[in-house]
Amino acid sequence: MLNIVLFGPPGAGKGTQSEKLIAQYNLMHLSTGDILRAEKKAGSPLGKQAQEYSDKGLLVPDALVIALIEDKIKHNKQVNGFIFDGFPRTVAQASALDTMLNESSIPVSGMIALEVNEDELFVRLLKRGETSDRPDDKDPAIIRQRISVYNSETTPVAGFYSAQKKYYGVDGMKSIDTVFESISDVVEALKK
Ligand code: AMP
């Protein structure tokens, strides 16, 4: 089983690269952002609760997203592996994921981190906001807030996986196909 944590700041290209990975390796995509947006669209209590945070560019409480992921893993044991996209975003989430996966003897194979500079992120997110229906991509102040939350709360997650020798950095400033080639090189090495 191959479990990949696709890591990087908002706008780094995690969603785009996840789509390519799913097609190539037949993995199950678990994006907490996508799951929360679907809940919001459905008008569920969970969606409404999450929206209070995501509309402000803040992280949804750990307990909520951990429970979401736990449920997905529990109900999809037959898959080839998972791509975790936008999760874990805090060290508490990373630690909870380790516990969940170790219980099932299917540990994280590696974290692939897309490295993109902040100016580029800002430009990409504003551009995405022109065509997407994501309110958090339309307001420059919210975008800045999300990048700031990433720097303070999420970057320590890279250290968590580095300590386990599972961190693989990839230059996310290159073209989509070049980035995917670099990611595929890491995945092929992890498969061995
Ligand atoms: P994303 O689509 O990954 O950029 O996520 C959009 C928003 O959903 C984030 O700004 C957070 O408010 C929320 N969110 C998504 N994933 C997580 C997570 N792992 N932990 C906390 N909040 C999250």
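Before reading further, recall that the structure is shown in the block above.
All values reported here derive from a predicted model rather than from experimental measurement.

*Asks:* Help me understand the sheet that holds strand E1 (residues 2-7) in this model?
*Replies:* Strand pairs in the sheet, formed through backbone hydrogen bonds, run parallel or antiparallel to each other. Sheet architecture is open: five strands sit in the order E2-E3-E1-E4-E5, paired in parallel fashion. Both edges of this open sheet fall to strand E2 (28-31) and strand E5 (167-171), since each of them pairs with a single strand only. In this sheet, neighbouring strand axes are inclined to one another by 20° on average, regardless of whether the strands run parallel or antiparallel. Along the sheet, helix H1 (residues 14-25) makes contact with E1, E2, strand E3 (81-85) and strand E4 (110-115), crossing E3 at roughly 170°.

*Asks:* Got a minute to help me understand the pattern of salt bridges in this structure?
*Replies:* Pairing between side chains becomes possible if they bear opposite charge and their charged atoms approach one another. On inspection of all chains with the given rule, the structure shows eleven salt bridges. The salt bridge partner of lysine 20 is aspartate 177, with a shortest N-O separation of 3.2 Å. Taken together, the residues lysine 20 in helix H1 and aspartate 177 in helix H9 (residues 176-191) connect sequence positions 157 residues apart. A relative accessible area of 27% places lysine 20 in the partly exposed class. Notably, a salt bridge pairs aspartate 171 with lysine 174, separated by 3.3 Å at the nearest N-O pair. Overall, the relative accessible area of 49% leaves lysine 174 in the partly exposed class.

*Asks:* Would you take a moment to explain the nonpolar core for this structure?
*Replies:* Residues Val5, Phe7, Ile69, Ile73, Phe84, Leu97 and Tyr161 are the most contacted members of the largest nonpolar core, which totals 31 residues. Here this core gets six residues from one element, more than from any other, and that element is helix H4 (residues 62-74). Beyond its immediate chain neighbours, meaning those up to four positions away, leucine 97 contacts Val5, Ile69, Ile73, Phe84, Phe87, Pro88, Val108 and Tyr161. Core analysis: the second largest hydrophobic core is formed by 22 residues, Ala12, Ile112, Leu114 and Ile143 among them.

*Asks:* So what exactly am I meant to see when it comes to the site of the ligand here?
*Replies:* Of all residues adjacent to the ligand, which total 15 residues, the nearest are Thr32, Arg37, Leu58, Gly86 and Gln93. The separation between a nitrogen atom of the ligand and a polar main-chain atom of glycine 86 is 2.9 Å. Here an oxygen atom of the ligand and a side-chain polar atom of arginine 134 are 3.2 Å apart. Per-element tally for the shell around the ligand: the top contributor is helix H2 (residues 32-42), with four residues. Its residues assigned to classes, the shell around the ligand comprises six nonpolar, five polar and four charged.

*Asks:* Just to check I follow, could you spell out the pairing of E3 for this structure?
*Replies:* For a regular strand, the rule is simple: side chains alternate between the two faces of the sheet. E3 sits mainly inside the fold: five of its five residues count as buried. Residues Gly81, Ile83 and Asp85 point to one face of E3 and Phe82 and Phe84 to the other, with burial holding for every one of them. As paired elements, E2 and E3 share four bridges and run parallel to each other. Following the sheet pairing, methionine 28 is matched in E3 by phenylalanine 82.

*Asks:* Even after reading the chapter, I still don't get the packing of H4 against helix H5 (residues 91-103), so can you show me in this structure?
*Replies:* Packed helix pairs are characterised by how far apart their axes lie and by the angle those axes make with each other. Where H4 meets H5, the closest approach of the two axes is 10 Å, and the angle between their N-to-C directions is 25°. When the axis of H4 is compared with that of H5, the two are roughly parallel. Pair H4 / H5 crosses with right-handed handedness. Across the interface between the two elements, Asp62, Val65, Ile66, Ile69, Glu70 and Ile73 of H4 pack against Ala92, Gln93, Ala96, Leu97, Met100 and Leu101 of H5. A per-class count over the contact of H4 with H5 returns nine nonpolar, one polar and two charged.

Cut-offs used in this document
Residues numbered from 1 in each chain as written. Predicted model: local features only at pLDDT ≥ 70, side-chain atom pairs only at ≥ 80, totals over all residues. Heavy atoms only, no water. Pairing = 2+ DSSP bridges. Helix = DSSP H or I, 4+ residues; strand = E, 2+ residues; numbered from the N terminus. Axes fitted to C-alpha atoms, helices over the stretch in contact; angles between N-to-C directions. Contact = heavy atoms within 4.5 Å. Salt bridge = Lys/Arg side-chain N within 4 Å of Asp/Glu carboxyl O. Buried < 20%, exposed > 50% of the residue type's maximum accessible area, 1.4 Å probe, protein only. Core = buried A, V, L, I, M, F, W, Y, C linked by side-chain atoms within 4.5 Å. Near = heavy atom within 4 Å. Polar contact = N/O pair within 3.5 Å; in protein donor to acceptor, adjacent residues only side chain to side chain. Nonpolar A, V, L, I, M, F, W, Y, C, P; charged D, E, K, R; others polar. Parallel < 35°, antiparallel > 145°, perpendicular 65-115°, else oblique. Left-handed = near helix turned anticlockwise from the far one by under 90°.

Note that all results are geometric; they support no functional claim without further evidence.
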